[in-house]
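Architecture and fold: a report
Next come the chains, spelled out residue by residue.
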Amino acid sequence: MTRDEVQDGEGYDATPYVPADAGLEALRSAAAGCRGCPLHRNATQTVFGEGDPSARVVLVGEQPGDQEDRRGHPFVGPAGGVLKRALEEAGIDPGQTYTTNAVKHFKFTFTGGGKRRIHKPPSLREVSACKPWLAAELRIVRPEVIVALGGTAGKALLGSSFRVTKERGALLPFPPPDDAGGPWKELLGDGEIHLLATIHPSAVLRAEDRDAMYSGLVADLRVAADALS
Ligand code: URA
Ligand code: SF4
């Protein structure tokens, strides 16, 4: 798909905006101008991945939230606070990770008479449109473990049949044997990457039993930490 075709509404696809053979900084500046799907229209800015370019662990969330959209950085709001604490408790130094999202623009609706912006889940089409950015990040960082935070990240990485309740907490091979959600093998080769899926940290904030949800998140992240040593 070309940029004109994308903009004429023929399909959603970030591919024509992704520079070939670019490093992370060139990708980040190109992503600022992505018009690969309609989500750029109402969001403030593209929120690209950040962190250690040689990280052994890449964390993939869903999409930027309200604060991330305003500030331009991933996981700087309340969910980011939970994530950072859980990583530390699991023995993963947050400073040695690379953090990104399946979708790089904030999708929201208004509530409270138009005063408050609340998160709206991205559609599968939007997730799939944005995937070339995620693929480019993974190709460059090439982590040992990818942590999928929640269902959207899991679907972006493992295909639309992914269910977090079923797959969480176990080390899975990545790319998956059937290359579901790919073409990962074409991008990454048959490497040594593992994938660990867990809940999204914002689920902890919404849960009735926050302590239990939080402990579950930490327990899953420990599996990722163990895979490193
Ligand atoms: N939730 C996400 O999935 N990603 C962010 O960056 C912030 C909140
Ligand atoms: Fe591009 Fe992704 Fe933003 Fe859509 S959400 S415009 S594909 S960066």
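Residues numbered from 1 in each chain as written. Chains lettered and ligands numbered in written order. Predicted model: local features only at pLDDT ≥ 70, side-chain atom pairs only at ≥ 80, totals over all residues. Heavy atoms only, no water.

1. Comments concerning the site of ligand 2
Lining the immediate surroundings of ligand 2 are Ala14, Cys34, Gly36, Cys37, His40, Val103, Lys104, His105, Ala129, Cys130 and Trp133. Here the residues of the shell around ligand 2 sort into seven nonpolar, three polar and one charged. (Near = heavy atom within 4 Å. Nonpolar A, V, L, I, M, F, W, Y, C, P; charged D, E, K, R; others polar.)

2. With respect to the site of ligand 1
The environment of ligand 1 is formed by Gly61, Glu62, Gln63, Pro64, Gly65, Glu68, Pro74, Phe75, Asn101 and His200. Side-chain polar atom of Asn101 to a nitrogen atom of ligand 1: 2.7 Å apart, as the coordinates give it. At 2.7 Å, a side-chain N or O of His200 approaches an oxygen atom of ligand 1. Protein coverage of the free-state accessible area of ligand 1, which is 230 Å², stands at 92%. (Polar contact = N/O pair within 3.5 Å; in protein donor to acceptor, adjacent residues only side chain to side chain. Areas by Shrake-Rupley, 256 points an atom, 1.4 Å probe, with all protein chains shown as cover.)

3. Digging into the nonpolar core
Across soluble globular proteins, you tend to see nonpolar side chains buried next to one another. Counting 39 residues, the largest nonpolar core has Trp133, Leu138, Ile146, Leu157, Phe174, Trp184 and Leu195 as the members making the most contacts within it. Breaking this core down by element, the ones donating at least two residues are helix H2 (24–31), strand S2 (57–61), helix H5 (124–141), strand S6 (145–149), helix H6 (151–158), helix H8 (184–188) and strand S8 (194–198). The element contributing the most residues to this core is H5, with nine residues. For Trp184, the residues in contact, after removing those within four places along its chain, are Lys131, Leu134, Ala135, Leu138, Ala156, Leu157, Phe174, Pro175, Pro176, Asp179 and Gly189. Among the nonpolar cores identified, the runner-up in size contains 22 residues, and Val57, Ala90, Val145 and Tyr214 belong to it. (Core = buried A, V, L, I, M, F, W, Y, C linked by side-chain atoms within 4.5 Å. Buried < 20%, exposed > 50% of the residue type's maximum accessible area, 1.4 Å probe, protein only. Helix = DSSP H or I, 4+ residues; strand = E, 2+ residues; numbered from the N terminus. Contact = heavy atoms within 4.5 Å.)

4. A short note on the pattern of salt bridges
Evaluation of the coordinates by the stated rule reveals nine salt bridges. Its salt-bridge partner being Lys104, residue Glu137 comes within 2.7 Å of it at the nearest N-O pair. Linking Glu137 in helix H5 with Lys104 in the loop between strand S3 (97–101) and strand S4 (108–111), this pair joins segments that are 33 residues apart in sequence. Per residue, the accessibility class of Glu137 equals that of Lys104, and both read buried. Taken together, the salt bridges that share partners define one network made up of Asp66, Asp69, Arg70 and Arg117. (Salt bridge = Lys/Arg side-chain N within 4 Å of Asp/Glu carboxyl O.)

5. A word on the packing of aromatic side chains
Tallied over the entire structure, the rule returns four aromatic pairs. Centre to centre, the rings of Phe108 and Phe110 are 5.5 Å apart; their planes meet at 85°, and the pair counts as edge-to-face. On the basis of relative accessible area, Phe110 is assigned to the exposed category, the value being 52%. Taking the centre distance of 5.3 Å and the plane angle of 55° together, the rings of Phe174 and Trp184 count as tilted. Remark: Trp184 occurs in helix H8 and Phe174 occurs in the loop between strand S7 (171–173) and H8; sequence separation between them is 10 residues. Given the relative accessible area of 1%, Phe174 is considered buried. An aromatic cluster is defined as three or more aromatic residues linked by ring pairs; in this entry it consists of Phe106, Phe108 and Phe110. Here the basic side chain of Lys104 rests over the ring of Phe48, its NZ or CZ set 5.7 Å away from the ring centre. (Phe/Tyr/Trp six-rings, centres within 6.5 Å; stacked < 30°, edge-to-face > 60°. Lys NZ or Arg CZ within 6 Å of the ring centre and 35° of its normal.)

Geometric values such as these leave the question of function open.
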